Amino acid sequence: MKKTLVTVCVLLLSSVLFSETWDLDLDFENATVNPNGAWSYGYIDGSGFALLTDGVFDPDNGSARYCWRYAADDWDTHGNIQKILEGEANFEDYNSYRYGGEMCSGPGEAEGVRTAIRWTCPATGNYSVSAMWQGLSTKSGGTTVDVTLELNGTAIFTNYVAGFIGRPGEEATGTQPEVGYDAVLSLAEGDTLDMTITGGADGISSDCTNMDLEIAKASAPSTPTCDDLVTMGSGYFSMDFNRDCYVNLEDFAEFALDWLKCNDPVDLDCID
Ligand SMILES: [Ca+2]
Ligand SMILES: [Ca+2]
Ligand SMILES: [Ca+2]
């Protein structure tokens, strides 16, 4: 019996798909590489941005977390960027409330260091950018951090967190337990957005902070056209024969093309 060779070809007709949305906490899940796609987890000092190079899977209090830090056992000099992994139990430790699926980063104590999560723009375009910082510390006064969002190293948002968002069902406490930034930005390929935290005037003690940064490709704002006059309600002028939003000689020329023509069906002298 002849054997039939069956060749199964799976044709992937779609071209390579590029992600058009980025979500810090979702993309961080098991972020065992750094950089991680468009994301880099690091810090900024006088020399600019540098990566946190010690990645550690660190089960703690029965919950699994993944963390980037400066070096083995060095959680604090340059800060740390952590996430309690999705589906993991809630736990409280280090005077903070943390739960599965949440980022819980801490600022660095070294002089002039800002712990930073960087997103590098993959392609020129408009992007909706939504950044959020939340205090997770249960200490008196909650988390106390200064925050920035920086575009190519220049702050476009400077603010602070002072408070605790509270456990589920609890009221938040503090003067500003959460702060956020939302905008549509026009960005060029290679531009960087850095979301940063520093310990503030009282240092880095119990400054656990949830950070999220969500970015999506946005279409360019459209310029209204004359056709939009109809949907906007005003419509065209009745003598704007060529519908260009102006009544002028061009419309008169259109009008003149039919000057003295008639097509009255009961007038035999009227032709055309
Ligand atoms: Ca998110
Ligand atoms: Ca502080
Ligand atoms: Ca016109």
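For the structure itself, consult the block above.
Residues numbered from 1 in each chain as written. Chains lettered and ligands numbered in written order. Predicted model: local features only at pLDDT ≥ 70, side-chain atom pairs only at ≥ 80, totals over all residues.

## Side note on the overall build of the protein
Going by this rule: By definition, any uninterrupted DSSP run of H or I lasting at least four residues is a helix, any uninterrupted run of E lasting at least two residues is a strand, and each is numbered from the N terminus. Using C-beta atoms placed from the backbone, we call a residue buried if 20 or more other C-beta atoms fall within 10 Å of its own, exposed if 12 or fewer do, and partly exposed for counts in between. Here, residues touch in the contact sense if the C-beta positions derived from the backbone fall within 7 Å of one another.
For the protein, the count of helices and strands is three helices and 16 strands. When burial is assessed residue by residue, the protein has 29% of its 272 residues classed as buried. Considering only contacts in the protein between residues 6 or more positions apart, those separated by 24 or more positions represent 61%.

## Details of unusual backbone geometry
Outside of glycine, negative phi angles account for most residues, and trans bonds account for most peptide bonds. Across the junction of Asn 34 and Pro 35, the peptide omega takes the value 5 degrees, indicating a cis bond. Tracing the chain through its elements places Pro 35 in the loop between α1 (24–28) and β2 (39–45). For Asn 152, which is not glycine, the phi dihedral falls at a positive 50 degrees. Within the chain, Ser 206 stands out as a residue other than glycine whose phi angle is a positive 45 degrees. Relative to the assigned elements, Ser 206 resides in the loop between β15 (192–198) and β16 (209–218). What makes Ser 206 buried here is the crowd of 21 C-beta atoms within 10 Å.

## A closer look at the sheet that holds strand β4 (residues 54–57)
Quick note on the threshold: DSSP calls a pair of strands paired once it identifies at least 2 bridges connecting them. To get an axis, a line is fitted to the C-alpha atoms, and for a helix only the part in contact is used. The angle between two axes follows their N-to-C directions and goes from 0 to 180 degrees.
If you trace the three strands from one edge of the open sheet to the other, you get β4-β5-β6, paired in antiparallel fashion. Either end of the sheet is taken by a strand with one partner, and the two such strands are β4 and β6 (80–84). When strand polarity is set aside, the average angle formed by the axes of neighbouring strands in this sheet is 10 degrees. Looking at chain direction, β4 and strand β5 (residues 65–69) are connected through four bridges and run antiparallel. When the sheet's bridge partners are listed, Asp 54 is paired in β5 with Arg 69.

## Examining the sheet that holds β2
One open sheet holds the seven strands; their spatial order is β3-β2-β9-β15-β11-β12-β13, and the pairing between them is antiparallel. At either margin of the open sheet sits one strand with a lone partner, and together these are β3 (48–51) and β13 (173–176). Strand after strand, the sheet turns through a mean of 30 degrees between neighbouring axes, direction not considered.

## Thoughts on the nonpolar core
To keep things clear, this is the line we draw: Nonpolar cores are identified as sets of buried Ala, Val, Leu, Ile, Met, Phe, Trp, Tyr and Cys residues joined via C-beta atoms within 7 Å.
Membership of the largest hydrophobic core comes to 40 residues, with the highest contact counts inside it found for Ile 117, Met 195, Met 211 and Leu 213. Discounting chain neighbours no more than four positions away, the residues touching Met 211 are Leu 24, Met 103, Ser 105, Ile 117, Trp 133 and Met 195.

## Overview of the pairing of strand β10 (residues 125–135)
Where a strand is regular, its side chains alternate between the two sheet faces. As judged from the ten bridges shared by β10 and strand β14 (residues 178–187), these two strands associate in the antiparallel manner. Paired with Val 129 across the strands is Ala 183, a residue of β14. Where β10 lies against β16, ten bridges are found, and the strand directions are antiparallel. By the bridge assignment, Gln 134 is partnered in β16 with Asn 210.

Purely geometric stuff here, so don't read any function into it on its own.
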